[in-house]
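Residues per chain, in single letters:
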Amino acid sequence: MDEFGMGSHSINSAYGPVTNGRGFKALSVGGSSGGSALAVAAKLAHIGIGTDTGGSIRLPAAYMSVLGFKPSYDILRKPDENDPTCLTSSSFARVQEAKNRRRVAVLGSKYVVVATDEIQDSDASQNLPSDWPWRKLRSQLVAQRKFTRRVGVPLEYNIAEMHPLVRWAWTATLSYLETIGCEIVPISLPSTRHALSSYYVLAPAEASSNLAKYDGVRYGAVRESPSDDVGGTLYSKHRSDNFGPEVKRRILLGTYSLSAGAMDNYFIQAQKIRRMVQQDFDDVFRMPNPFKQDAEVNMNGVDFIIAPTAPSPPPRLRYLQRSTPVENYMNDVFTVPASLAGLPSMSVPAPRHPDHAWRPEVAVGMQIIGQYGDDYSVMYLAQNYMTNFHPTAGMKRVQTHKILT
Ligand code: GLN
């Protein structure tokens, strides 16, 4: 994976890049949890785990043609205090575990683990109001197999830079959904165009604060002989030695945006954009956000949003060596909005273009985004309707059906 989860191609690591192929044909596996997705795609494991701050589960899943699921922020039970994970950006991702491991539903054999029972069980998900009306309505609909299917297509996601194969896959997915009875509705999420900039201010700010403890005294590797060429204190020597270039870049960016002179112009503005992005999503979903007191069901709203996971199929590593950090950040343009809003989102392998025999370099993923807390519906749509596109994404229906009924 990328060091501290910072990256989109699993190339920011002291141990070298994770690759899918050899030599000049080597492709990006996505990042930051590219190794997890690769291990699942290569059938070394049934399930991989990752922390999705801005797309680190969904992007590798798209590039490796497996499923990648990011649950609603903070919806599962928190692990105990001994959890060793250091989170880079705590307001975006949390490591969570299922209460009862035996009841964890595995959606197929591909790169997802989610505790569906807990999401359904109002006592177990500590963070949702138990009288949330939508929860009941949704479970009744699912029980009666009356699945609501208004699918939103965000026009702002249709960017000029999108690769033609990705646009084709998006259209093919929507046509397919239409044939199975979904209603396709164009929607607008106007603040989306600022989401990426907001994320790349907020995530480094949180990282600079969360990684402050790696000072080589309390946490972090202590080297025998820290390099002498960097002047300064013991702390600065250890920190210069032990962090890779991308992590250093983000710590510096984050420290700057949190400094007194820059705070108002960067951090505060980015937080405002984050609220606007959340509001955009709340305006289009049929289901109200459970945290909003007086929000009502918007019957003209949509149940899901369908958009590509990444603007292009996996790039070659050779190309990435020449790309700038900002070009790499651009890759997260479609995954970051759901992260800012804390929404559940799953990347599923998209339909294959008939003129392109399937090869890893044409792997495209589609994201299903749902309202906060509606994780179950996102999984339901993925499981029942969207996993027949790709041979490696076959799902074992049996396990999840047990939970459905
Ligand atoms: N590509 C994003 C970043 O570099 C994703 C990180 C993540 O989700 N851990 O910040």
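The structure presented is a predicted model; accordingly, all values stated were derived computationally and were not measured.

What counts, and at which threshold
Residues numbered from 1 in each chain as written. Predicted model: local features only at pLDDT ≥ 70, side-chain atom pairs only at ≥ 80, totals over all residues. Heavy atoms only, no water. Helix = DSSP H or I, 4+ residues; strand = E, 2+ residues; numbered from the N terminus. Contact = heavy atoms within 4.5 Å. Areas by Shrake-Rupley, 256 points an atom, 1.4 Å probe, with all protein chains shown as cover. Core = buried A, V, L, I, M, F, W, Y, C linked by side-chain atoms within 4.5 Å. Buried < 20%, exposed > 50% of the residue type's maximum accessible area, 1.4 Å probe, protein only. Patch = residues over 30% accessible without salt bridge, like charges linked within 9 Å, V, L, I, M, F, W, Y side chains within 5 Å. Salt bridge = Lys/Arg side-chain N within 4 Å of Asp/Glu carboxyl O. Axes fitted to C-alpha atoms, helices over the stretch in contact; angles between N-to-C directions. Parallel < 35°, antiparallel > 145°, perpendicular 65-115°, else oblique. Nonpolar A, V, L, I, M, F, W, Y, C, P; charged D, E, K, R; others polar. Near = heavy atom within 4 Å. Polar contact = N/O pair within 3.5 Å; in protein donor to acceptor, adjacent residues only side chain to side chain.

1. What to know about the overall build of the chain
Logical step 1: When helices and strands are tallied, the chain shows 14 helices and 8 strands.
Logical step 2: Intrachain contacts of the chain at a sequence separation of at least 6 include 71% that bridge at least 24 residues.
Logical step 3: Counting only carbon and sulfur atoms, one obtains 54% of the accessible surface of the chain, whose full area is about 18,400 Å².

2. Describing the nonpolar core
Logical step 1: In terms of nonpolar packing, the biggest core is built from 60 residues, with Trp 170, Phe 281, Ile 305, Ile 306 and Ile 368 touching the most fellow members.
Logical step 2: Residue contributions to this core peak at 8 residues, all from helix α6 (residues 192–210).
Logical step 3: Among residues more than four places away in sequence, those in contact with Phe 281 are Tyr 157, Leu 189, Ile 305, Pro 337, Ala 338, Ala 341, Leu 343 and Ile 369.

3. Examining a nonpolar patch on the surface
Logical step 1: Together, Val 217, Leu 234 and Tyr 235 make up a nonpolar patch on the protein surface, roughly 300 Å² of accessible area in all.
Logical step 2: In this structure, Val 217 sits in the loop between α6 and α7 (234–242).

4. With respect to the packing of α6 against helix α8 (residues 245–258)
Logical step 1: Between α6 and α8, the shortest axis-to-axis distance is 7 Å and the interhelical angle comes to 100°. Here α8 runs roughly perpendicular to α6, going by the angle between their axes. Together, Tyr 200, Val 201, Pro 204, Ala 205 and Ser 208 of α6 and Arg 250, Ile 251, Leu 253, Gly 254, Thr 255, Ser 257 and Leu 258 of α8 make up the contact between the two elements.
Logical step 2: Counted by class, the contact of α6 with α8 contains 7 nonpolar, 4 polar and 1 charged residues.

5. A short note on the site of the ligand
Logical step 1: Inspection of the region around the ligand gives 15 residues, with Thr 53, Gly 54, Ser 56, Tyr 199 and Asp 332 positioned closest.
Logical step 2: In this structure, Gly 55 approaches the ligand through a main-chain N or O atom, which is 3.4 Å from an oxygen atom.
Logical step 3: Burial of the ligand by the surrounding chains reaches 98%, relative to a free accessible area of 290 Å².
Logical step 4: Its residues assigned to classes, the shell around the ligand shows 3 nonpolar, 9 polar and 3 charged.

6. A closer look at the pattern of salt bridges
Logical step 1: Going through the model one piece at a time under the given rule, you end up with 6 salt bridges.
Logical step 2: Among the ionic pairs, Asp 52 bridges to Arg 58, the shortest N-O distance being 2.9 Å.
Logical step 3: The exposure class of Asp 52 is buried, given its relative accessible area of 5%.
Logical step 4: Under the relative-accessibility criterion, Arg 58 is labelled buried at 0%.
Logical step 5: Close ionic contact of Lys 292 with Asp 282 constitutes a salt bridge, the shortest N to O distance being 2.6 Å. One end of the pair, Lys 292, is in the loop between α9 (264–284) and β6 (304–308); the other, Asp 282, is in helix α9, with 10 residues separating them in the sequence.
Logical step 6: Looking at Lys 292, the relative accessible area reads 34%, which means it is partly exposed.
Logical step 7: Looking at Asp 282, the relative accessible area reads 14%, which means it is buried.
Logical step 8: Through salt bridges that share partners, Glu 246, Arg 249 and Arg 250 make up one connected network.

7. A short note on the environment of Gly 16
Logical step 1: On the secondary structure map, Gly 16 appears in the segment before β1 (19–20).
Logical step 2: Through-space distance from the C-alpha of Gly 16 to that of Asp 2 is 9.4 Å; in sequence the pair is 14 residues apart.

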